[in-house]
Amino acid sequence: MLNRNAAAAAPQIFSARLRAYRSPSIVEFLRIGFYAFTAWRRRRRERKELNDFLASDHRIAADIGYRHRQQ
């Protein structure tokens, strides 16, 4: 398929690359930051709930090797 004009195809390829490298807008930046913050809070809350549960039930904590006192 050598009958295509490479010079005519070049502007289309170049313009497609420009769209791929556009900088994120402030709204996208804030959305990504908000998502990261909510994920961090969710993991922190789940970790606290797990620690509270393990502190309340010593048998389960002993089964998985959770130490209540740091020595």
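Structure's up top.
In what follows, the accompanying structure is described. (Residues numbered from 1 in each chain as written. Predicted model: local features only at pLDDT ≥ 70, side-chain atom pairs only at ≥ 80, totals over all residues. Heavy atoms only, no water.)

**Side note on a positive patch on the surface**
Applicable threshold: Two joining distances apply to patches: 9 Å for like charges and 5 Å for nonpolar side chains (Val, Leu, Ile, Met, Phe, Trp, Tyr), and every residue must have over 30% relative accessible area and no salt bridge. Accessible surface is estimated by sampling points in the Shrake-Rupley manner with a 1.4 Å probe; for residues, cover comes only from the protein chains shown. We define a salt bridge as a contact between a side-chain nitrogen of Lys or Arg and a carboxyl oxygen of Asp or Glu at a distance within 4 Å. None of His or the chain ends enter the tally, which takes Lys and Arg as positive and Asp and Glu as negative. Note that the charge is assigned to NZ on lysines, CZ on arginines, CG on aspartates and CD on glutamates. Helix and strand assignments follow DSSP, with helices taken as H or I runs no shorter than four residues and strands as E runs no shorter than two, numbered in order from the N terminus.
Judged by side-chain charge, Arg41, Arg42, Arg43, Arg44, Arg45 and Arg47 come together as a positively charged surface patch. Inspection of the secondary structure puts Arg45 in helix H2 (residues 26-56).

**Here we look at the pattern of salt bridges**
So the rule is basically this: For the exposure calls, accessible area comes from a 1.4 Å probe over protein chains only, and a residue counts as buried if that area is under 20% of its type's maximum, exposed if over 50%, partly exposed in between.
Tallying each qualifying case throughout the model produces 1 salt bridge. Between Lys48 and Asp52 there is a salt bridge; the shortest N-O distance is 3.1 Å. Residue Lys48 and its partner Asp52 are both found in helix H2; the two are separated by 4 residues, about one turn of the helix. Residue classification places Lys48 among the exposed positions, given a relative accessible area of 52%.

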